[in-house]
Amino acid sequence: MRIIAKFGTMMIARALLAAGPVHAQEMQMPPQEQHHQMNISVVKPEYPRMGRSQENAKGSLITLEQVQKIAIESNPTLRQAEAEIRAAKARQQQSGLYPNPTVAYTGDEIRGGSVGGKQGFFVQQTVVTGGKLGLSREVFGKDVKLAEIEAEEQKMRVQSAVKMAFLRVLAAQELLDARRDMATIAQDAAETQRRLMNTGQADETEVLEAEVGAQRMRMSARMQENTLREEWRSLAAVIGRPDLPLTTVAGDLEKGWPEVNEEETVEAIAKESPAVRIADVAEARVQSILGRARREAIPDVQVRAGMEYNHELLGSVPFAKGWEGIAEVALQIPLFNRNQGNVAAARADIDRAGQEKKRISLTLRERAASAVDQYANARLIAVQYHDEMLPLAKKAYGLMVEKYGQMLASYPRVLDTQRKLYEMQIEYIAALEGVWTNGIALQGYLLTDGLEAPARPGEVDRPVRETNVPMPERTMSPREWMRNP
């Protein structure tokens, strides 16, 4: 009789539990149906699904192509790069202009109150020798080339930054859906524990723990809402439209992953990056400066010519001597100053530029290795989750729902299995974000800051200026993401 009474109590409790739990929004339970001769809810499994935020968007979606077009029109760094090219070309033009002539008045032997002395004018011109003007144009021509490469590099920066910001918004959308589902599951679990306590199948501790878990998941969902807004603000800033209202973005994290061959990518970054090209041109520039410095010792010629009117009388004849021509040619002798100091400095700059090329290449390899490692790990996780782990978790959840329908498993076990499935879905989305962001960074030669001002020709070799990489906290592994609620 005790066994029969206990079984009857369990059946009543089971009926109460089955009739009680209700999911919100997409997690709604189906209507009541007759099952096992008792009023027990038939639970239909609800699997995680990508793209729901796009399906339920209130307005039109915004695409990657649209934000890229806006960035081309509105990002200020692209306009800065164009302005720097114009400025470099203007400086090149100025460097090759011939010195202006000097026109002056001259007077000599002028005596106050009497007729006499000389008065006239002259024209003075510096004749530049040694091809120094052409060499100056060559030096500033390298500046023009540097500005043009810098503009190309800045375009890559903006393109990569826009792509990464867009994909982060897309990942934040998907994570928000998944975390809201987690909050719904946790709330369902808390309500279930309360019903179990009413039937004597759970104590107050279990109820309180479930309530804490539900609050934690709700807080996590609200934090994800903040993260989505933060990512949108970052995207709006990098495209140059900070006033753009929050809009649902269109895309699919699971399709079109960046394909990266690790060895080929590292070699391409180390040899073909704009940073390497900038270092090459910078070395050529200092070589041109050396050539110009060597020619500086060749003196320019100062030519002066003019006319003077001589008021001195010609002996007893009451007539002035009249107009007289003047001519001077001056040449500075490079006896002490042969510009030897600047020549030595230019040679040292050439040595430094050669070492800078090596440093840039090694720095690129070092940072590419880090990005490749993060890309490879994120891709490994994403593939493993997509091909094996998520299918197994979905199967386990489906089987648990079936066992529940056959009265072979409790509803809390169903919720626990569902919770684990959605936790894995969150980790999968985080891994997809890592694949995209690191892949984009590698394809864009690690140029990812779309709001960093383009460097001027004299600033191109600032330490690691051309080799910034994604911030470490933005490319954490999915497991590290899960440390936070």
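Residues numbered from 1 in each chain as written. Predicted model: local features only at pLDDT ≥ 70, side-chain atom pairs only at ≥ 80, totals over all residues. Heavy atoms only, no water.

Draft legend 1. Local environment of the overall build of the protein. A tally of helices and strands in the protein yields 11 helices and six strands. Accessible surface computed for the protein: about 26,100 Å², of which carbon and sulfur atoms make up 54%. (Helix = DSSP H or I, 4+ residues; strand = E, 2+ residues; numbered from the N terminus. Areas by Shrake-Rupley, 256 points an atom, 1.4 Å probe, with all protein chains shown as cover.)

Draft legend 2. Region of the structure containing the packing of helix α9 (residues 340-405) against helix α10 (residues 411-443). Axis separation between α9 and α10 bottoms out at 7 Å; the angle between their running directions is 160°. For the element pair α9 / α10, the angle class is roughly antiparallel. When the axes of α9 and α10 are compared, the crossing they make is left-handed. When its residues are assigned to classes, the contact of α9 with α10 shows 25 nonpolar, eight polar and five charged. (Axes fitted to C-alpha atoms, helices over the stretch in contact; angles between N-to-C directions. Parallel < 35°, antiparallel > 145°, perpendicular 65-115°, else oblique. Left-handed = near helix turned anticlockwise from the far one by under 90°. Nonpolar A, V, L, I, M, F, W, Y, C, P; charged D, E, K, R; others polar.)

Draft legend 3. Region of the structure containing the environment of A293. Checked against the element boundaries, A293 lands in helix α8 (residues 274-295). You can call A293 buried: its relative accessible area is 8%. Along the backbone, A293 and A345 are 52 residues apart, and their C-alpha atoms lie at a distance of 9.5 Å. Excluding residues that lie within four positions of it along the chain, A293 makes contacts with N339, N342 and V343. (Buried < 20%, exposed > 50% of the residue type's maximum accessible area, 1.4 Å probe, protein only. Contact = heavy atoms within 4.5 Å.)

Draft legend 4. Geometry of the packing of helix α5 (residues 132-198) against α8. Packing of α5 against α8 leaves a shortest axis separation of 9 Å and a crossing angle of 170°. Accordingly, the angle class assigned to the pair α5 and α8 is roughly antiparallel. When grouped by side-chain class, the residues that make up the contact of α5 with α8 number 12 nonpolar, three polar and 12 charged.

Draft legend 5. Fine view of a negative patch on the surface. A cluster of acidic residues, D203, E204, E206 and E209, forms a negative patch on the protein surface. Structurally, the position occupied by E204 is in helix α6 (residues 204-238). (Patch = residues over 30% accessible without salt bridge, like charges linked within 9 Å, V, L, I, M, F, W, Y side chains within 5 Å. Salt bridge = Lys/Arg side-chain N within 4 Å of Asp/Glu carboxyl O. Lys, Arg positive; Asp, Glu negative; His and termini not counted. Charge placed at Lys NZ, Arg CZ, Asp CG, Glu CD.)

Draft legend 6. Inspection of helix α4 (residues 76-95) at higher detail. Compared with an ideal rise of 1.5 Å per residue, which puts 20 residues at 28 Å, α4 spans 29 Å between its outermost C-alpha atoms and is within 8% of the ideal. Within the span of α4, buried status applies to T77, L78, A81, E84, I85, A88 and S95. Each buried residue of α4 lies within a common arc of 110° when the element is viewed along its axis, so the set occupies one face. The exposed set on the far side of α4, more than 90 degrees from its buried face, consists of R86, Q93 and Q94. Elements in contact with the buried residues of α4: α3 (64-74) and α5. (Expected span 1.5 Å × (residues − 1). Arc of directions from axis to C-beta.)

Draft legend 7. Spatial organisation of the pattern of salt bridges. Taken as a whole and assessed by the stated rule, the structure comprises 25 salt bridges. In this structure, R419 and D416 form a salt bridge, with 2.4 Å as the shortest nitrogen-oxygen distance. Of this pair, R419 and D416 are both found in helix α10, three residues apart, which corresponds to roughly one turn of the helix. Judged by relative accessible area, R419 falls into the partly exposed class, the value being 30%.

Draft legend 8. Region of interest: unusual backbone geometry. Residues other than glycine seldom take positive phi values, yet M407 does so here, at roughly 60°. Position of M407 among the secondary structure elements: in the loop between α9 and α10. Phi is positive for L446, which is not a glycine, with a value near 70°. Within the secondary structure, L446 is located in the loop between α10 and α11 (478-481).

Draft legend 9. Summary view of the side chain of T265. With respect to the secondary-structure elements, T265 resides in helix α7 (residues 262-272). Side-chain polar atoms of T265 contact the backbone oxygen of N261, separated by 2.7 Å. Residues in contact with T265, not counting those within four places in the same chain, are V260 and L442. (Polar contact = N/O pair within 3.5 Å; in protein donor to acceptor, adjacent residues only side chain to side chain.)

Draft legend 10. Quick look at the packing of aromatic side chains. For the coordinates displayed, the defined rule picks out three aromatic pairs. With a centroid separation of 5.4 Å and 55° between ring planes, the pair formed by Y404 and Y411 is classed as tilted. (Phe/Tyr/Trp six-rings, centres within 6.5 Å; stacked < 30°, edge-to-face > 60°.)

Draft legend 11. Representation of a nonpolar patch on the surface in the model. A grouping of V103, F121, V123, M307 and W323 is seen on the molecular surface, where their side chains present a nonpolar patch of about 490 Å² in accessible area. Structurally, V123 can be placed in strand β4 (residues 118-127). Look at V123 and you get partly exposed, because its relative accessible area is 36%.

Draft legend 12. Inspection of the nonpolar core at higher detail. V67, V162, W232, L235, I239, L253 and L442 are the most contacted members of the largest nonpolar core, which has 80 residues in total. Mapped onto this core, the elements with two or more residues apiece are α3, α5, α6, α7, α8, α9 and α10. In terms of residues, this core owes the most to one element, α5, which gives 19 residues. Among the nonpolar cores identified, the runner-up in size contains seven residues, and V286, L290, V343 and A346 belong to it. (Core = buried A, V, L, I, M, F, W, Y, C linked by side-chain atoms within 4.5 Å.)

Draft legend 13. Looking closely at the side chain of T437. The residue T437 is located in helix α10 in this model. Here the side chain of T437 touches G434 through a polar contact of 3.4 Å, landing on its backbone oxygen.

Draft legend 14. How the structure looks around α8. Between the first and last C-alpha of α8 there are 32 Å, a value that for 22 residues agrees with the 32 Å anticipated at 1.5 Å per step. By the burial criterion, the buried members of α8 are P274, A275, V276, I278, A279, V281, A282, E283, V286, S288, L290 and A293. At its buried positions, α8 is contacted by α5, α7 and α9.

Draft legend 15. Looking closely at the environment of L442. Tracing the backbone through its elements, the reader meets L442 in helix α10. For L442, a relative accessible area of 2% gives the class buried. Each C-alpha atom, one on L442 and one on R367, is 9.9 Å from the other, the two residues being 75 residues apart in sequence. Discounting residues that sit within four places of it in the chain, L442 has contacts with V260, T265, I269, A368, A371, V372 and Y375.

Draft legend 16. Seen up close, the environment of G398. Tracing the backbone through its elements, the reader meets G398 in helix α9. When the C-alpha positions of G398 and K44 are compared, they lie 8.8 Å apart, and in sequence the two are 354 residues distant.

Draft legend 17. Expanded view of the confidence of the model for the protein. When the pLDDT values of the protein are averaged, the result is 85; 84% of them are 70 or greater. No element of the protein has a lower mean pLDDT than strand β1 (residues 32-35), at 34, and none a higher one than α3, at 96. Note that residues 1-40 has pLDDT below 50 and, in this model, 70 contacts with residues that lie over four places away or in other chains. Note that residues 463-485 has pLDDT below 50 and, in this model, 62 contacts with residues that lie over four places away or in other chains. (pLDDT = per-residue confidence, 0-100.)

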